Amino acid sequence: MKRAQPHAALGAEDEPLVFERSRPGRRAGRMPVLDVPPAPADAIPEGLRRVTAPRLPEVAERDLVTHYTRLSHRNFGIDLGFYPLGSCSMKYNPKLAEDAAALPGFRRLHPLQPESQTQGVLQMLVELEQTLCALTGMDAVTFQPAAGAHGELTGLLIMRAHHESRGDARRRVIIPDSAHGTNPASVTFAGYEVATVPSTTSGEVDVDALRGMVSDDVAGLMITNPNTVGLFETRITEIASIIHDAGGLLYYDGANLNAILGHCRPGDMGFDIVHMNLHKTFATPHGGGGPGAGPLAVSSRLASFLPAPRPVRRDDGSYGLDLGDGNSIGRVHSFLGNVGILVRASSYARALGREGLKSVSEHAVLNANYLSHRLRGAYDLAYPGRPMHEFVLTARKQKARGARAMDVAKRVIDYGFHPPTVYFPLIVDEAMMCEPTETESVETLDAFADAMLAIDAEIDSDPDLLHDAPQTAPIRRPDEARAARDLRARWYPPNDHTPHPSASSLAGPEDKPSI
Ligand SMILES: *Cc1c(COP(=O)(O)O)cnc(C)c1O
C-alpha cells in the first residue's frame, strides 16, 4: 500500500533530487562596479594572496529558490505532522513564543550594553529564575548551559566543587542502566567513574542493588524521574536517603519535566541539582541542532558554586549582575547563555500560567496512556507499569514474525508520521519508545495507532512492504550513523576530486540507538 505523504501534497515528490545546479555564467546577483580605489598591492601579505579566482557555484536566483524550497518540502518537522520521538518531547511550539523572541527589545540587544539599558531582559531572567525554582523546588539557577548535556556537565562540576570544598575527594557517580546516553558521557567528562545500578524487571531502580553500591567514594546519583522507560520511580525518597546518608548528592536529569510540571517537584523528592531542557519542555523548536537552553537549578547550599555572573534584583529594585563570592566554578558559556531561548521559555510559562502548565503534564500523560492502550494488543509493552509521558514498546513479537523495530519505524514514514525512537533504551530488546506529548489531538493519536496496527498486520500479508520501507520518502534507508557523521554539506566544483574531510568512517549496524 502506498499512502500519501505530507510532502506529496506539495508536489515535491516526483522531482528527482538534483543537487548540482551550477551552470557557467549564471548569476543570482551582480556586484556593483568598484567605486573606491583598489587596496594597495601590499595590503595583503604575499603568501596569502589568491592567484586564481575561487570556483563558486553559478546559479540563477530562480533556481536557487526552487532548490531550497523543494528541499524544505521534503523535510519532516513538527509543524507538518506527528513526531512521537521518545525522550525528545517533540511537541508543537506555539508561535507566541517566537513573536516574543522577535521583539526588537530582545532581538536587537547587544550583550555588552550597560545595565541601564538592559533592565528589561534582566528582569525577565530574574522572574524566569523564580518560575523555574517554583517548578523544581530549587533555590537558584544559572542560565548559562546551552543544552541538557551541558547542564549535566555543569551540575557534575558543582557536585565536585561541593565535595572538594569539604576536603572530600570522591570518585564515582551512580546512574541507572536505563539512563540517557548523555548521562554516562557527562559523568566521564567531569572526571568521575560511572557506576551502573541495574533496573528491576518492572523497570524501576533496583534499590537493594543501590544500597550495596554506596560508599564514601560515591559523589552522587544521577537519575531522571519519571525514568527513561517512562515510569515514575515510586521509591525515590528512599533512594534519596540512601545517597544522602552516604554523603552523596542527588542530580535530577530534568529532560522529562514535561511529565510532572506543577504536580511534583524534584526538590521535594530530595534532589539537590536539577537541569531543565527548556527546548524540550518550554516551546523552542529543536532537533535540528539549533540553539537550546539547559539551565541548572540547585538548592541553597550549592548556590555559591553556580557559574557567574547571575542576573539579580537589587535591594533598590533595579536589576544587575552578581559576580558571586569567589566560589563559582566559573563560566560555562559567554554572557548569560542563549537568551533568545530563555525569552521563549518565559513567554510560554507566562502564557500558560500555573494551571496551564499543570494541564500540559496532565495531557502529556493522558496522551501517552491512551496511545499505549491502543497499541498494547499488537505490540508488547516493555514494562507492565502505568506509563507517565512516554512508554516503551518491544517489537519482540514482530521480530519473531519477520520484521524488526527498525522495519516498523521505517514503515511508519509511509503513513506520514515521524517514527518513534528505536533501539533505546538499551536495556529493552527491539525497543520502540513513543512520546506523543500533550499537543496532539485524539484524532492524531488514533490515526497513528491505526497505522501501527495496520503495519503489524502487513508483517503477515506483505512483509517486504516493511523490509523495503520507506516506499514513499525521497530518501530510503541511509546509513544513519554515516549520514550524521560524514555529512557532505560543502559544495565542490564538478570534477574537483579534493577528498572531503570526513569526520569518521563509521558504518554502523542498524541497531544503533536513533536519538
Ligand atoms: C534529551 C535528553 C538529554 C540531553 O539533552 P540535550 O539538550 O540533547 O543535550 C538528557 N537526558 C534525557 C533524559 C533526555 O531526554
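Numbers given to residues run from 1 along each chain, matching the order in which its sequence is written. Totals for whole chains, interfaces and linings use all residues, but because this is a predicted model, local features are given only for residues with pLDDT of at least 70 and pairs of side-chain atoms are given and counted only at 80 or more. With hydrogens and water set aside, each side-chain value is computed from the structure's full complement of heavy atoms.

Engineer: For the site of the ligand, give the residues involved together with the corresponding values.
Structural biologist: Taken together, Ser 87, Ala 147, Gly 148, Ala 149, Glu 152, His 180, Thr 182, Asp 253, Ala 255, Asn 277, His 279 and Lys 280 make up all the residues around the ligand. Burial of the ligand by the protein amounts to 86% of the accessible area it has alone, namely 380 Å². Numbering of helices and strands runs from the N terminus; a helix is a DSSP stretch of H or I covering at least four residues, while a strand is a stretch of E covering at least two. Elements with a minimum of two residues in the shell around the ligand: α5 (148–165) and α10 (278–281). If one sorts the elements of the shell around the ligand by residue count, α5 sits on top with 3 residues. Under this grouping Gly is polar, as are all residues other than the nonpolar Ala, Val, Leu, Ile, Met, Phe, Trp, Tyr, Cys and Pro and the charged Asp, Glu, Lys and Arg. Across the shell around the ligand, the residue classes break down as 3 nonpolar, 6 polar and 3 charged. For each residue, the test is whether any non-hydrogen atom lies within 4 Å of the molecule or strand; if one does, the residue is near. Per-residue accessibility takes into account occlusion by the displayed protein chains alone, with areas from the Shrake-Rupley method and a 1.4 Å probe.

Engineer: So what about the packing of aromatic side chains? Which residues, and what values?
Structural biologist: Centres within 6.5 Å are what make two rings of Phe, Tyr or Trp a pair, Trp counting through its six-membered ring; a difference in plane orientation under 30 degrees is then read as stacked, over 60 as edge-to-face, and the rest as tilted. Following the criterion strictly, the structure yields 6 aromatic pairs and no others. Aromatic side chains Phe 82 and Phe 448 sit 5.1 Å apart centroid to centroid with 70° between the ring planes, which places their arrangement in the edge-to-face category. One end of the pair, Phe 82, is in the loop between α1 (61–73) and α2 (95–101); the other, Phe 448, is in helix α14 (residues 442–461), with 366 residues separating them in the sequence. Phe 448 carries the same exposure label as Phe 82, and that label is buried. Taking 5.4 Å as the distance between ring centres and 90° as the angle between the ring planes, the aromatic pair formed by Phe 417 and Phe 448 counts as edge-to-face. Highlighted residues: Phe 417 in the loop between α13 (405–414) and β12 (421–422) and Phe 448 in helix α14, separated in sequence by 31 residues. Looking at Phe 448, the relative accessible area reads 0%, which means it is buried. Within the aromatic cluster, the residues linked to one another by ring pairs are Phe 82, Phe 417 and Phe 448. The aromatic ring of Tyr 192 is capped on one face by Arg 160, whose charged end is 4.5 Å from the ring centroid. Think of it in three bands: residues with accessible area under 20% of the maximum for their type are buried, residues over 50% are exposed, and the middle band is partly exposed, with areas taken using a 1.4 Å probe on protein chains only. Look at NZ for Lys and CZ for Arg. If either is within 6 Å of the ring centre and within 35 degrees of the ring normal, a charge sits over the ring.

Engineer: If you had to explain the nonpolar core to someone new, which residues and values would you point to?
Structural biologist: What makes a nonpolar core is a set of buried Ala, Val, Leu, Ile, Met, Phe, Trp, Tyr and Cys residues whose side-chain atoms join them at distances within 4.5 Å. Counting 57 residues, the largest nonpolar core has Leu 132, Ile 174, Leu 210, Phe 271, Leu 278 and Phe 282 as the members making the most contacts within it. Residues within four places of Leu 210 in sequence aside, it is in contact with Ile 174, Val 197, Leu 221, Ile 239, Ile 242 and Ile 243. One finds Leu 381, Met 432, Cys 434 and Ile 455 within the second-largest nonpolar core, a separate group that totals 31 residues. A contact between two residues is defined here by any heavy atoms of the two lying within 4.5 Å.

Engineer: How would you sum up the confidence of the model for the chain? Please name residues and give values.
Structural biologist: For residues with low pLDDT, the predicted coordinates do not support detailed interpretation. In this model, the chain carries an average pLDDT of 91, and 93% of its residues clear a pLDDT of 70 or more. As a per-residue measure, pLDDT tells how confident the predictor is, with possible values from 0 to 100. Across residues 1–12 the pLDDT falls below 50, and counting only partners more than four positions away or on other chains, this stretch makes 30 contacts in the model. Residue range residues 503–515 is modelled with pLDDT below 50. Its contacts to residues more than four positions away, or to other chains, number 32 contacts.

Engineer: For helix α6 (residues 182–189), give the residues involved together with the corresponding values.
Structural biologist: Listed in full, the buried residues belonging to α6 are Asn 183, Ser 186 and Val 187. An end-on view of α6 places all buried positions within 100° of arc, on one side of the element. Those residues of α6 hidden inside the fold are in contact with α5, β2 (172–176), β3 (193–197), β4 (218–223) and β5 (249–254). Backbone geometry just after α6 places Gly 191 at a positive phi near 90°. Regarding the arc, it is the one traced by the directions from the helix axis to the C-beta atoms.

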